[in-house]
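Listed here are the chains, written in short residue letters.
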Amino acid sequence: MLSNLSAQLIGSSKLFTLEQRIHNTITLVIGIMSFPILILLAFLDLRLIHQLSIVFCGFSNLTFYYLSRFRRRTFSFVPLVILLITLSIIWLFGYGLNGFVNMFLLTLAVPTAILLRGRQRSAALLSIVVTVLSLTVYDLSHPEQFLIFSTASQKYVDFVVNFLILFIILSAVTTNVLNSLDEERSKSDGLLLNILPAKIAFELKEYGESKPKRYDSVTIVFTDFVGFSRICQSLTAEEILQELDTCFSAFDTITQRYGLERLKTIGDSYMLVGGMPLENASHPTSCTTAALEMAEFVDARKQLAEAAGKSYWDIRIGVHTGPVVAGVIGKQKFAYDIWGETVNLASRMESSSLPGRVNISQATYEYVSESFNCEFRGMQDIKKLDSVKMYFANKLA
């Protein structure tokens, strides 16, 4: 409930930057609290110039809040200048060093450092330092120019009012910063998990590296769309990407359902692996089942397209089981990949398959022969390799 109220008042993190939300927070709090402050400060017998400066500060901050929150026009520098001038007037024509408005001037550097950039930040911070030093020197050399608290209660009221306002502003700013850090951390974690398995992402975050590892048995699945280039000639770029996204998103769902890992897509090819980084004994069956469901999905899409008088691609899938070496490569852009003869043979299983079929190797067959109806294809020649046994996998009737 509080988060929804905060989003309504200062803006959602999806639409507003951290700086804009802090700007909205400060201008809203100062704008709203300026008017009840006038009532409380009446107890301090402040001069008319104090009252006018506070009213002006309140209205101007509410104006800047409205422009930023509802018109998306943020003026970070001007509100800070107005606040600096207002606080200087209150100091100069008020209680000086005896009062507590100096707390505001000192902490004004915090929002200044957050909201401004480059030369504006340097100029604003320098202005705050010069203003505080100048007012302090003037206060010490002209003590008769400043008001004196007539009673101890006036001093307590001045302290409490300034402390409460400062506490509210700093609490709101700190809350915004911490919430934004949590949101950005969640976003970065989500992006990292999109390109790396959870276990590998955790190792990189915790230790700054992920050591290469050898897996004695994993199952690799390669897919490739048959007729993709030909059909793309009759589609727009948007239609091609939309259809690829539909297929690969469905493949991702299937992959996640069986606890597998998508390694990468290359053009219209999709590569996934089972049995790593979390090792298990069910990966041959899980990968073969996933491969058959992918083939069924593409076949269903093809039938819908043909019913509408359109052409659609087929899919060719290959599956192989064996040892690999896995690790993270790259420094600017991380990539989790696998290497070994198993990868090459899995790719050959795909290229030796037929449209709409799932082609598995002898190694995979030995694990899944009792779970699927496998058609022996005989010895098949493979480029740069010896002839190997292959099977078409089908679901049991």
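Residues numbered from 1 in each chain as written. Predicted model: local features only at pLDDT ≥ 70, side-chain atom pairs only at ≥ 80, totals over all residues. Heavy atoms only, no water.

A. Geometry of the packing of aromatic side chains. For the coordinates displayed, the defined rule picks out 18 aromatic pairs. Where Tyr66 meets Phe70, the ring centres are 5.8 Å apart and the plane angle is 40 degrees; that geometry is what we call tilted. Here Tyr66 pairs with Phe70, and both are found in helix H3 (residues 48-71), just four residues apart, close to one helical turn. An aromatic cluster of three or more residues is present, and its members are Phe225, Phe228, Phe248, Phe251, Tyr270, Phe297, Tyr312 and Trp313. The ring of Phe70 is capped by Arg69, whose NZ or CZ atom sits 5.0 Å from the centre of that ring. The ring of Phe16 carries Arg72 above its face, with NZ or CZ at 4.5 Å from the centroid. (Phe/Tyr/Trp six-rings, centres within 6.5 Å; stacked < 30°, edge-to-face > 60°. Helix = DSSP H or I, 4+ residues; strand = E, 2+ residues; numbered from the N terminus. Lys NZ or Arg CZ within 6 Å of the ring centre and 35° of its normal.)

B. Molecular detail of helix H9 (residues 198-207). Considered for burial, the residues of H9 that qualify are Ile200, Ala201 and Leu204. The arc enclosing the buried residues of H9, seen along the axis, measures out at 100 degrees, which places them on a common side. Of the surrounding elements, those touching the buried residues of H9 are helix H8 (152-195), strand S4 (314-329) and strand S5 (335-339). Downstream of H9 by a residue or two, Gly208 has a phi angle that is positive, lying close to 80 degrees. (Buried < 20%, exposed > 50% of the residue type's maximum accessible area, 1.4 Å probe, protein only. Arc of directions from axis to C-beta. Contact = heavy atoms within 4.5 Å.)

C. Quick peek at the packing of H8 against H9. Here H8 crosses H9 at 130 degrees, and the two axes come no closer than 8 Å. Taken together, the axis directions place H8 and H9 in an arrangement best described as oblique. Here H8 runs over H9; the crossing is right-handed. Touching Asp189, Leu192 and Leu193 of H8 are Ala198, Ala201 and Lys205, all from H9. Taken together, the residues of the contact of H8 with H9 sort by class into four nonpolar, no polar and two charged. (Axes fitted to C-alpha atoms, helices over the stretch in contact; angles between N-to-C directions. Parallel < 35°, antiparallel > 145°, perpendicular 65-115°, else oblique. Left-handed = near helix turned anticlockwise from the far one by under 90°. Nonpolar A, V, L, I, M, F, W, Y, C, P; charged D, E, K, R; others polar.)

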